[in-house]
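The residues making up each chain are set out below.
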Amino acid sequence: MRHPQDLLSGYVDGALSAHEAAEVAAHLAECPACRETVSDLRALRRLLAAAKPPDPDPQLLPRLLRTDPRPPRPLLHGGRWLAVAGATALLAVASARVSHLPPGSGGAVRELREHARLATHTPLRDVGLASFLSAFLPDPVEDNP
Amino acid sequence: MEAEAGSLPSQGAGTQDARAEFGRLVEAYWRSAYRFAYRLTGNPEEAADLVQEAAEEALRAFSRFRPGTRFDRWWLRILYNSFVDRTRRQRRQSHLPLDDLSGKLLATESWADPEAALEEQLDGPVQRALNALPPEFRAAVILVDLEGLSYEDAARVLRCPPGTVRSRLHRGRLALREWLRAYVDAVRRGELG
Ligand SMILES: [Zn+2]
């Protein structure tokens, strides 16, 4: 039986099309595991909604109202430039590795996973994580063009 | 008034009006900006700093704000952008892998006892669990589950398709469900929430 995965979150949120919702409902009638997940997701949503963050420092608003427009940030500056250079280098390493694989090899996913594992030990872990997750998620992790 | 704000010159006569309008909008929405920043950073000082930075960016870009669209969403989008830049610069995020659902977070924390969890005290465990999520997943959960945005609005803030919000949200929730298992069970038993 194929579980409807992230449709379950959409179902709990009432964010599915009528067709999708009917599909999920039919699956839930036959799948105790997904029913359990749906009950947990509903409980989690209540839990998260109940948590109250601390109030902001009252001095923040007056500070915000005195805001000066921020000068444009230099493009090639410090950490940002290093991050770009680092991400480019990582990308080059990852592509080089993948290009050594035979065409159509399922090893590409393993390579990305390994790359991501290594990258999580480097300061640029977010880059590694994004490429790791993009191998598994149905939708692109990177931003919309 | 509102109609003029979209075509304000960056210098000159309109500047004062724009400045006043900006102040009015900041005053209306600073609390929601702060909540988002606090949930993203898990730290009051850093959150205030992030809101300040986003306000500076927003004021600088204010001539591009389209009146009639929602300022709070636009500001959150700028704020999230600053946050992403910042996490890349600071390089000190430590997230648990999403597949590590072993409940270690619960086992090593003294707050695993749901009996002790009143609403105010709940904030600590929830925030620690959020901190452990990778930032993109954390942001999706905060916007939808804590701030009540629709997938479409969250997608605009995060600059990704609504389908991406849905999958990030789902994977983030599955991780939180395990990390906050004791609390989730307490809610299901009707003892909490
Ligand atoms: Zn199922």
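A brief structural summary.

1. Some details on the nonpolar core
Membership of the largest hydrophobic core comes to 71 residues, with the highest contact counts inside it found for Trp 75 and Leu 176 of chain B. For this core, the leading source of residues is helix H2 (residues 14–41) of chain B, giving 11 residues. Non-local contacts of Trp 75 of chain B, meaning those with residues more than four positions away in its chain, are made with Leu 64 of chain A together with Val 26, Tyr 29, Trp 30, Ala 33, Val 51, Ala 54, Ala 55 and Ala 58 of chain B. Leu 7, Leu 8, Val 12 and Leu 16 of chain A belong to the second largest nonpolar core, which has 10 residues in total.

2. Let's talk about the coordination of the zinc ion
All names here are of chain A. Distances from the zinc ion to its protein donors, namely His 3 (ND1), His 27 (NE2), Cys 31 (SG) and Cys 34 (SG), fall within the range 2.0 to 2.3 Å. One can describe the donor arrangement at the zinc ion as tetrahedral, given that its 4 donor atoms subtend angles of 105 to 119° at the metal. Taken in sequence order, the residues that donate to the zinc ion follow the motif H-x23-H-x3-C-x2-C. The pair formed by His 27 and Cys 34 is uniform in burial state, with each residue classed as buried.

3. Some points on the packing of helix H7 (residues 135–146) of chain B against helix H9 (residues 162–179) of chain B
All names here are of chain B. One can describe the packing of H7 onto H9 by two numbers: an axis separation of 8 Å at closest approach and a directional angle of 95°. With respect to each other, H7 and H9 are oriented roughly perpendicular. For the pair H7 and H9, contact is made by Glu 136, Phe 137, Ala 140, Val 141, Val 144 and Asp 145 and by Val 165, Arg 168, Leu 169, Arg 171, Gly 172, Arg 173 and Leu 176, respectively. A breakdown of the residues in the contact of H7 with H9 according to their chemical character gives 7 nonpolar, 1 polar and 5 charged.

4. Remarks on helix H4 (residues 71–90) of chain B
The terminal C-alpha atoms of H4 of chain B lie 28 Å apart, and with 20 residues this matches the ideal 28 Å at 1.5 Å per residue to within 8%. Across the 20 residues of H4 of chain B, 15 count as buried, placing the element largely inside the fold.

Procedures and definitions
Residues numbered from 1 in each chain as written. Chains lettered and ligands numbered in written order. Predicted model: local features only at pLDDT ≥ 70, side-chain atom pairs only at ≥ 80, totals over all residues. Heavy atoms only, no water. Core = buried A, V, L, I, M, F, W, Y, C linked by side-chain atoms within 4.5 Å. Buried < 20%, exposed > 50% of the residue type's maximum accessible area, 1.4 Å probe, protein only. Helix = DSSP H or I, 4+ residues; strand = E, 2+ residues; numbered from the N terminus. Contact = heavy atoms within 4.5 Å. Donors = N, O, S within 2.8 Å, 3.2 Å for Na, K, Ca; no water. Tetrahedral: all angles 85-135°; square planar, octahedral: opposite > 155°, others 65-115°. Axes fitted to C-alpha atoms, helices over the stretch in contact; angles between N-to-C directions. Parallel < 35°, antiparallel > 145°, perpendicular 65-115°, else oblique. Nonpolar A, V, L, I, M, F, W, Y, C, P; charged D, E, K, R; others polar. Expected span 1.5 Å × (residues − 1).

Limitation: the analysis is restricted to geometry and does not speak to function.
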